[in-house]
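The lines below spell out each chain.
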Amino acid sequence: MTKKSYLILEDGLEFEGTGFGSDMETIGEIVFNTSMSGYQEVLTDPSYSGQIVTMTYPMIGNYGINDDDGESSRIQVDGFVVKEYSKTYSNFRAVRSLGEYLKNAGIPAIEGVDTRKITRHIRDRGAMRAGIFHDKKGALKRLLAHPKMEGSDLASGVSCREPYDYGDKKDGRPKVAVFDFGVKKNILTLLVNTGFNVTVYPGSMPLRQVLKERHDAIFLSNGPGDPDAVPYGKDLVTSAVKEGIPTFGICLGHQFIALGLGARTFKLKFGHRGANQPVKNMITGNIEITSQNHGFAVDIESMKKIRDIEITHINLNDNTVEGIRHKKIPLMAVQYHPEASPGPHDSQYLFNEFYKMIKR
Amino acid sequence: MPKREDIKKILIIGSGPILIGQACEFDYSGSQACKSLKEEGYEVILINSNPATIMTDPDLADRTYIEPITPEIVEKIIKVERPDALLPTVGGQTALNITLALEERGTLKKYNVELIGANIESIKKAEDRALFKEAMIKIGLNVPRSVLASSVEEAMGTLEKIPLPIIIRPAFTLGGTGGNIVYNKEDFAGLVRKGLDESPISQVLLEESLLGWKEFELEVMRDRKDNVVIICSIENLDPMGIHTGDSITVAPQQTLTDREYQVLRDMSIRIIREIGVDTGGSNIQFAVNPDDGRVMIIEMNPRVSRSSALASKATGFPIAKIAAKLSIGLTLDEISNDITRETPACFEPTIDYVVVKVPRWAFEKFEGADTTLGTQMKSVGEAMSIGRTFKESFQKALRSLETDRFGFGSDGNMEIEESIRYMAEGQDINTIEKELLNPRCDRIFYVREGIRLGWSMERLYELTKIDPWFLAQMKELVDGENTYTADYSKNGFTAENIVTMKKLGYSDRQLGFISNKNELIALYEKGESARKEYSMKLQEVEKNVRRFRIDNRIIPGFRLVDTCGGEFEAFTPYYYSSYDDENESVVSDKKKIMILGGGPNRIGQGIEFDYCCCHASYALREEGVESIMVNSNPETVSTDYDTSDRLYFEPLTLEDILSIYNNEKPDGVIVQFGGQTPLRLAKNLEKNGVAIIGTSPDSIDQAEDRERFADVVRRLNLLQPENGIAYTQGDVLGIAAGIGYPVLVRPSYVLGGRAMAIIYDQKSLVDYITTAANLSPEHPILVDKFLEDAVEIDVDALCDGESVYVGAIMEHVEEAGIHSGDSACIIPPISLSPEMIKRIISATESLAMELKVIGLLNIQYAIKESELFVIEVNPRASRTVPFVSKTTGVPLAKVAVKLMLGRKLKEFGLSEMKKFPFISVKEAVLPFNKFPGVDILLSPEMRSTGEVMGISMDFGESFYKASLAAGDRLPMKGTIFLSINRRSKEELLSDVKALFDNGFRLVATEGTARFYSDKGITCETIRKVSEGRPNILDLVKNDEINMIINTPSGKISKDDAYYIRQTAVRYHIPIMTTIQAAKAAIRGILEVRKKDDIFILPIQEYHKKVT
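Residues numbered from 1 in each chain as written. Chains lettered and ligands numbered in written order. Predicted model: local features only at pLDDT ≥ 70, side-chain atom pairs only at ≥ 80, totals over all residues. Heavy atoms only, no water.

### Considering the overall build of chain B
Counting its secondary structure elements, chain B contains 40 helices and 38 strands. Relative to the 2.2 N^0.38 estimate, which gives 32 Å for 1107 residues, the radius of gyration of chain B is 29 Å and therefore close to what a compact globule would have. If you line up chain B on its principal axes, its C-alpha atoms span 80 × 70 × 65 Å. Taking all 1107 residues of chain B together, the buried fraction comes to 67%. Carbon and sulfur atoms provide 48% of the accessible area of chain B, an area that totals close to 37,400 Å². Distance between charge centres in chain B, computed from 132 positive and 164 negative side chains, equals 2 Å. (Helix = DSSP H or I, 4+ residues; strand = E, 2+ residues; numbered from the N terminus. Rg over C-alpha atoms; globule rule 2.2 N^0.38 Å. Buried < 20%, exposed > 50% of the residue type's maximum accessible area, 1.4 Å probe, protein only. Areas by Shrake-Rupley, 256 points an atom, 1.4 Å probe, with all protein chains shown as cover. Lys, Arg positive; Asp, Glu negative; His and termini not counted. Charge placed at Lys NZ, Arg CZ, Asp CG, Glu CD.)

The structure is reproduced here in structure tokens:
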């Protein structure tokens, strides 16, 4: 019953495994995630759009899929690679198996491949295009015809089309406009829990139009792809700074803010994807264990040159910029994911700081 | 924050002897702490009574006190050394309890000693069950409903508040000692009483049972700036109700979603903050309801623990080392991760493999023990394995145990396999169900049988409460075997079917068995006469699999343990094998030697051998030779990634070792240091082309084979007790009659004194043959003349092929016939004439030369009526090597390795045996308090789990200290109970008189009392248990007895004396069951009484006195 399947990387490295999920062929950028749990959140995180995700933890599917832990309404990855797919699942909240979930969503996956070898390969050579194929014939050619991640605007594809309200609204609460570049559900939930009335807007909607609704703050969400390929993200920040409206950005939102302020971004060799990244809060001196998912980062030297900007968070593994804030206007951003999902909750305080920023 | 400059001198308290529940893991943690504090420039003072530890090596701490770990003695050390700080968190429960006692005595305040790592409040909050519960409720966490009780009466009220079953947990005990689950009202009072007795503060917690809930542990670290990280999560495969030390455990957790896991993580952080552990590691245990995810907090250990050792080995994150650095003020971001070098220690390791730990029990040694697993830990050791998947890791773990299992069943071990199979065939379903419901050490194999019988996962879950995910994994193993069997019958071995099975973790032995199952079973069923043929066939089929595998290049790759799931480059060569695509083990072209370790701790093979293996590694490093360590025991120092140049965390089986050997191609392998484990493999390794260095396997065989050895003894004109080999009952009786009773008998095929007995008459011998020994031509019985009342001597020596250095002559306190591992022994001997010592040295020299020993050898002698008998020679490291090295300061194991590399004794200036003016006593520590009902009389069967050393200028005081260190506080005044057999009364006369003269009150059973009263020694008569009340047991229970001397009278039965011995163990009253021990104890009491003080000195100072 098992069907042979192949994972092929653009530099020719090839793995034979067993297909599960959908029978289709898929091509995307191959990346790895080192979280040991949380595959459902990873699958549904819109920031993974356009990517084939390899889980470094070898046994995936153990606790099945439940109705609560999705970070969006559908699977967002373009392909999924695991060492061993656990056909049997066991958890009191589980409603279906991982395989069934992928199959229903039409997402191809492969198991039985040496994920550690893949990871080490990506670590040494960098993230690259790859595909899951059932027919090897012409596969590499199709793969090389696929666009690279650099220069790809993927955010537009995962953003909502129409504005919508999220969660219950209560009178007297500050209003936040969320610019959706692929926002994770838990960000919205935490904004609501922090005390905001939340409205979500398509990421490309002009600020002027949004502010007609008299928002107290704006939030720039996470999302997939190259920040440089999304000019309206940067423009949004330029207008926000002019308005002086309280602004908070996460991940892609953080990169837009950096670009809008005049800093540069660049593509990391293989990105940060996992739930164990140590980040130092430069203000308190404390360490947060953070959840991360980004392939691009803000260039620290270009950031240092910008007036009135303070680097608030640094990644201790590679000293990259993880957070900034403006000394004069209410603006802050982090590269990592304080909403976790999956990952540790060490950084949820940032949502409160955002809230306090408005109160000021 | 920089490290603290205001403290200069730090005292570390070790954990003392190896006990059930407190084993080598605290040598691992203590050694790491000593090393890292010294590295940071602090002066380190250490106390630990256990000489077999690496941490008590003279160069690990600045001043090392091998002294009893009691509040009085630690206070004395503090008074002399005046340390600025005390680190109480690396010496297990022992160190925490002593620290609390020191605080209570006011010692810490008086000498201005600061606690680092944990403060008194936090220790109390975590250890005191009431305070802990209060703290958890305060932060809104759930704990099982519970009531504290300090008396049985108080406890009775609980029955109305908490539904049965109820768990009893005594306060302040380790490994859950005295803990129990009560299922009915009838047992309640008795079990509460038992729990109260075990608790040093007479307090028990009566707790709602969470039987069947899932059990998890998190290892947490916190630094001075309140940074908290989780190092590892561990899931227990065996659910709540079985002590985690007796559970199969898996890292990381497997069956919680990230959301549920993060709940546990958040709770852990809140708990460590609330309890207030300032810096260092803690272990927190959770129960999770499998039906709705509700979480209960079970307990927290505010210190490094067995689980932190496991977590360190499982992740590559050295918890104890980091904990020590945090204790002196460094923060997590200031310490770098050794493995990745460039990233900091402030992160949470992520792993890309599955770790499985399996406990190892020793019930076969404790006749009459309750073998059910429950809340009290009973295992004596554990093995850990690493594999890419659970299935691979699980099978590796089972074969790492060395219980003659080569995986999850189907390995040709017919003893268990067949008994279960017959049960199934005989429709004895009840027994299988019972075994699943009432867990014992083989439960997992019954699970397999249930799967094989086609039982549903639901049924198996209902019986075992093992999470369905784990059950499904096990089912996949059985399914894999069935698929293979079908494929094999059609196609024979194919590269595909072998690779598939290898990825499931199947060993060559299992594949050999499965592929030839029918033939092998038929052969086995031929009965006893075909056993030898069966075992040869089994080895042959295993070899066939291996040959096919290697011919087809199906070989394991070695993967790195790197703390980061491959995200960063790793620099520490710490490997495990797996059948995946890659081999990451890059082999050097340096000269290199591989050391085979000892595997899981068991009785007779424990920390002493790990000590020797570590020393082998240190010696290789000193000689510039690359060292490669292979071991499967996560508790040990040898499995620290920085002990050797390269570490393979692998099972010690022929297959696994050959795979590593073929990858590394070392210049040689050391098999003589890891105890029986590597030694048993020596011949087979050699047959497979492995170069064994040092004494050759042939010499080892010469020493072990009775006939070959008898030749050696004859050639050298030495004496051996008369002996013979018997194949039939007639033979046995004939040989015994010929050499005369008493005789020492044992089956030829068992090790470590199993089923060995001393027999005084023909009738008992017939009994023995019919009950204990399974006599047959394949299983002959060895019969030796038993030398009654002989003095037993142990010698450890070194030989370089040209000359011999005798490390020490050890005189046993107990007579020959009691296993040397259970006997106290003395260096230097105190009752031997200089002439006898010369004879021992000369016999040792000639045996070493004759056996062409290169390296270590150990000889046991017996002296009877001035005759010197050779009992046995072991040309390898012995259990006493660390004791001798700690006493004399000569690192025997290190020198031995250098001799194996070709150096000579004279290069080390070693020729004459060392002389010194002090006396060192080793005492055994026995686990009887964990096995109520088991008689404590010493026998030829070894049962001790650990050892301690007492050192001083006089024998009496050394013995007193050794007893104290072993947990027996010999009384300086009070009442002594005597029940002495006829033969010994006279012999003890002067000793008993001395007690009397020193004001002790003596009570005795009638015969004993009459004997001594007649000699003018006042001795009260007390009733035996059978003679009504009040009797001796009442006195013991009322704390009126301070010491018991009870020498058994010949035949051992469950008589009065048995109950007295049982009660003594329960009430922790020193009890001497041999005349020699009684004499030594009395000498100790008298000497210490006279001095009214205990002399302490660091081992480094003693060594200066050695010439």
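### What to know about helix α6 (residues 185–194) of chain A
All names here are of chain A. Taken across its ten residues, α6 has seven buried, putting it largely inside the fold. Those residues of α6 that sit buried are Asn186, Ile187, Leu188, Leu190, Leu191, Val192 and Thr194. The first or second residue beyond α6 is Gly195, which carries a positive phi of 120 degrees.

### A closer look at the sheet that holds strand β4 (residues 85–87) of chain B
Residue and element names in this part refer to chain B. Taking strand neighbours across the sheet as the criterion, the five strands line up as β3-β2-β1-β4-β5 in an open arrangement whose pairing is parallel. Edge strands, defined here as strands with exactly one partner in the open sheet, are β3 (63–65) and β5 (114–115). As defined by bridge partners, strand β1 (residues 9–13) adjoins β4 across three bridges and the pair is classed as parallel. Counted as the bridge partner of Ile10 is Ala85 from β4. Against the sheet, helix α3 (residues 92–105) makes contact with β1, β4 and β5, and its axis sits at roughly 120 degrees relative to β1, the strand it touches most. (Pairing = 2+ DSSP bridges. Contact = heavy atoms within 4.5 Å. Axes fitted to C-alpha atoms, helices over the stretch in contact; angles between N-to-C directions.)

### Some words on the domain arrangement of chain A
All names here are of chain A. Here chain A is partitioned into domain 1 (3–145) and domain 2 (155–359). With 27 residues of domain 1 at the interface, the matching set in domain 2 holds 19 residues. Surface buried jointly by domain 1 and domain 2 totals about 1,800 Å² across both partners, of which 49% is contributed by carbon and sulfur atoms. In terms of surface lost to domain 2, no three residues of domain 1 exceed Pro46, Ser47 and Glu71, which account for 30% of the buried area on that side. At the junction of domain 1 with domain 2, the criterion picks out two salt bridges. Remark: the boundary between domain 1 and domain 2 carries 14 residue pairs in polar contact (both at pLDDT 80 or more). When residues of the side of domain 1 that touches domain 2 are traced back to their parent elements, those giving at least two are β3 (26–33), α1 (39–44) and α3 (115–125). Residues belonging to the side of domain 1 that touches domain 2 are distributed by class as follows: seven nonpolar, eleven polar and nine charged. (Domains from an automatic or database assignment. Buried area = accessible area lost by both parts, 1.4 Å probe. Salt bridge = Lys/Arg side-chain N within 4 Å of Asp/Glu carboxyl O. Polar contact = N/O pair within 3.5 Å; in protein donor to acceptor, adjacent residues only side chain to side chain. Nonpolar A, V, L, I, M, F, W, Y, C, P; charged D, E, K, R; others polar.)

### Overview of the environment of Glu655 of chain B
All names here are of chain B. Relative to the assigned elements, Glu655 resides in helix α24 (residues 654–664). For Glu655 and Arg546, which are 109 residues apart along the polypeptide, the C-alpha to C-alpha distance reads 8.0 Å. What Glu655 contacts, discounting residues up to four positions off in sequence, is Lys502, Ser507, Asp508, Arg509, Glu542, Arg546, Arg549 and Tyr579.

### Focus: the environment of Leu658 of chain B
Along the chain, Leu658 of chain B falls in helix α24. For Leu658 of chain B, a relative accessible area of 6% gives the class buried.

### Describing helix α29 (residues 762–771) of chain B
Residue and element names in this part refer to chain B. Among all positions in α29, only Leu765, Tyr768 and Ile769 are buried. For α29, the arc enclosing every buried residue in end-on projection is 95 degrees, short of the 170-degree limit, so these residues lie on one face. Facing away from the buried side of α29, by more than 90 degrees, are the exposed residues Lys763, Thr770 and Thr771. Check the buried side of α29 and you find it contacts α28 (729–739), β24 (743–747), β25 (757–759) and β26 (781–785). (Arc of directions from axis to C-beta.)

### A short note on unusual backbone geometry
Working note: non-glycine residues mostly have negative phi, and peptide bonds are mostly trans. In this structure, the amide linkage connecting Leu164 of chain B to the following residue, Pro165 of chain B, adopts the cis form with an omega of -5 degrees. In this structure, Pro165 of chain B sits in the loop between α8 (158–161) and β7 (166–170). Residue Arg1029 of chain B is joined to Pro1030 of chain B through a cis peptide bond whose omega torsion reads -5 degrees. Tracing the chain through its elements places Pro1030 of chain B in the loop between β36 (1020–1021) and α37 (1032–1037). Of note, the phi angle at Asn319 of chain A is positive, near 60 degrees, even though the residue is not glycine.

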